[in-house]
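Okay, here's what each chain looks like letter by letter:
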Amino acid sequence: LKFTRRVLKTKDDPATRLPAGGRLKRRKKVFLDRDSDNGTVCLRQTESGGGMKKITVHLGARSYQIVIARGALSALGRLLKPLKLGSKVLVVSNKRVARHFLGPVGRSLTHAGFKTEHYLLPHGNERDKSERVLIELWKQMAEIGLDRSSTVVALGGGVVGDVSGFAASTYMRG
């Protein structure tokens, strides 16, 4: 795998880089790790099996993993179950993504024992980043009885992640 100069940014970490033209040998697992000397995040390699790649973002008590695997959406419930989350899950998506992936995700979560609901963003574009949409999403969260132990899954990228992440982080706060 060849990487050009890439910058990874997080709220609490300085920008990090893999040297321009730097190379990583193809292995089964690549993850992010904090360099203890200067506090930056760097790419490391380890061996793993099973065709599943896990990227671990090391942030102390807030560390988490990103799982990359063929069919991972159909296994979402099985992957979330060991985390001992609350029983309620709200899947936030848009019509375009939901048409292809909401079924497998919903079935996986339900099969794993989660009570699953979904909310589809109305526009499927940047217009979803609005106060009106956020209020509607908060209303949906309240109507289905989400609490602080509940989980919000962003099924999609970009706007879906932004809106669902903001809603989840501000719901029942203050």
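Sequence positions are assigned chain by chain, starting from 1 and proceeding in written order. With the structure being a predicted model, the display of local features is reserved for residues of pLDDT at least 70 and the display and counting of side-chain atom pairs for 80 or more, all residues being used for whole-chain, interface and lining totals. In computing side-chain properties, one takes all heavy atoms of the structure into account and sets aside hydrogens as well as water.

### Here's the deal with the overall build of the protein
So, step 1. Numbering of helices and strands starts at the N terminus; helices are DSSP runs of H or I of at least 4 residues and strands are runs of E of at least 2. A tally of helices and strands in the protein yields four helices and nine strands.
So, step 2. Classification of residues uses two cut-offs on accessible area relative to the type maximum, computed with a 1.4 Å probe and protein chains only: under 20% is buried, over 50% is exposed, and between them is partly exposed. Put simply, the protein has 174 residues, and 33% of those count as buried.
So, step 3. With an accessible surface of roughly 11,200 Å², the protein has 53% of that area assigned to carbon and sulfur atoms. Each accessible area is a Shrake-Rupley result for a 1.4 Å probe, and residues are judged covered by the shown protein chains and nothing else.

### Considerations on helix 2 (residues 95-111)
Residues that lie three or four places apart on an α-helix share one face, since the helix turns once every 3.6 residues.
So, step 1. For helix 2, with 17 residues, the first-to-last C-alpha span of 23 Å sits near the 24 Å given by 1.5 Å per residue.
So, step 2. Take the seven residues that end at a residue and the seven that start at it, fit an axis to each, and the angle between those axes is the bend at that residue. The sharpest bend along helix 2 measures roughly 60 degrees and falls at F101, with the proline P104 sitting one to four residues further on.
So, step 3. Every buried residue of helix 2 is listed here: A98, L102, V105, G106, S108 and L109.
So, step 4. The contact rule is simple, with two residues in contact once any of their heavy atoms fall within 4.5 Å. In this fold, the buried residues of helix 2 make contact with helix 1 (76-80), strand 7 (88-94) and strand 8 (115-121).
So, step 5. Whenever two N or O atoms come within 3.5 Å, that pair is a polar contact, provided that in protein one can donate a hydrogen and the other can accept it, and provided that, for residues adjacent in sequence, both atoms are side-chain atoms. The backbone nitrogen of R96 lies 3.2 Å from a side-chain oxygen of the residue at the head of helix 2, namely N94.
So, step 6. Just downstream of helix 2 lies G113, where phi reads positive at about 100 degrees. Given a helix with a known number of residues, its expected span is that number minus one, times 1.5 Å.

### Examining unusual backbone geometry
So, step 1. The phi torsion at K84 lies on the positive side, around 55 degrees, for a residue other than glycine.
So, step 2. With respect to the element layout, K84 can be found in the loop between helix 1 and strand 7.
So, step 3. Looking at K84, the relative accessible area reads 74%, which means it is exposed.
So, step 4. Phi is positive for M172, close to 60 degrees, though the residue is something other than glycine.
So, step 5. Summarising the element assignment, M172 is placed in the segment after helix 4 (159-170).

### Concerning the packing of aromatic side chains
So, step 1. Only Phe, Tyr and Trp rings are paired, with Trp represented by its six-membered ring, and only when their centres lie within 6.5 Å; those with planes under 30 degrees apart are stacked, over 60 edge-to-face, the remainder tilted. As enumerated under the stated definition, the model contains zero aromatic pairs in all.
So, step 2. Ring-over charges, as used throughout, are those where CZ of Arg or NZ of Lys falls within 6 Å of the ring centre and within 35 degrees of the ring normal. One cation-aromatic arrangement involves K81 over F114; the distance from NZ or CZ to the ring centre is 5.2 Å.

### A closer look at the nonpolar core
So, step 1. For this analysis, a nonpolar core means a set of buried residues of the types Ala, Val, Leu, Ile, Met, Phe, Trp, Tyr and Cys, connected via side-chain atoms within 4.5 Å. Ranked by internal contacts, the top residues of the largest apolar core, which has 15 residues, are L90, Y119, L121, L137 and M141.
So, step 2. Elements with a minimum of two residues in this core: strand 7, strand 8, helix 3 (131-143) and helix 4.
So, step 3. If we skip the residues at most four places from it in the chain, L121 touches V92, S93, N94, D128, V133, V159, V160 and V163.
So, step 4. Residues V91, V105, L109 and F114 belong to the second largest nonpolar core, which totals twelve residues.

### Here we look at the sheet that holds strand 7
Strand pairing in a sheet is mediated by backbone hydrogen bonds. Such pairs are either parallel or antiparallel.
So, step 1. Here, strands pair whenever DSSP counts at least two bridges between them. Strand order across the open sheet formed by three strands is 8-7-9, with parallel pairing between neighbours. Each edge of the open sheet carries a strand with a single partner, namely strand 8 and strand 9 (151-154). Across this sheet, the average inter-strand angle for adjacent strands is 25 degrees, counted without regard to direction.
So, step 2. Axis definition: a line fitted to C-alpha atoms, over the contacting stretch in the case of helices. Angles run 0 to 180 degrees between N-to-C directions. Together, strand 7 and strand 8 form the strand contacts of helix 2, whose direction differs from that of strand 7 by roughly 165 degrees.
So, step 3. In the packing of helix 3 onto the sheet, contacts are made with strand 7, strand 8 and strand 9, and the angle to strand 8 comes to roughly 165 degrees.

### Side note on the pattern of salt bridges
So, step 1. Counted as salt bridges are all cases of a side-chain nitrogen of Lys or Arg within 4 Å of a carboxyl oxygen of Asp or Glu. Here the structure, examined in full by the defined rule, presents three salt bridges.
So, step 2. A salt bridge links K129 to E126, with the shortest nitrogen-to-oxygen separation between them at 3.4 Å.
So, step 3. For K129, a relative accessible area of 42% puts it in the partly exposed group.
So, step 4. Looking at E126, the relative accessible area reads 51%, which means it is exposed.
So, step 5. With its nearest N and O atoms 2.8 Å apart, the salt bridge here joins D162 to K129. Of this pair, D162 sits in helix 4 while K129 sits in the loop between strand 8 and helix 3; the two residues are 33 residues apart in sequence, bridging distant segments of the chain.
So, step 6. Each of the salt bridges in this network shares a partner with another, and the network as a whole consists of E126, K129 and D162.

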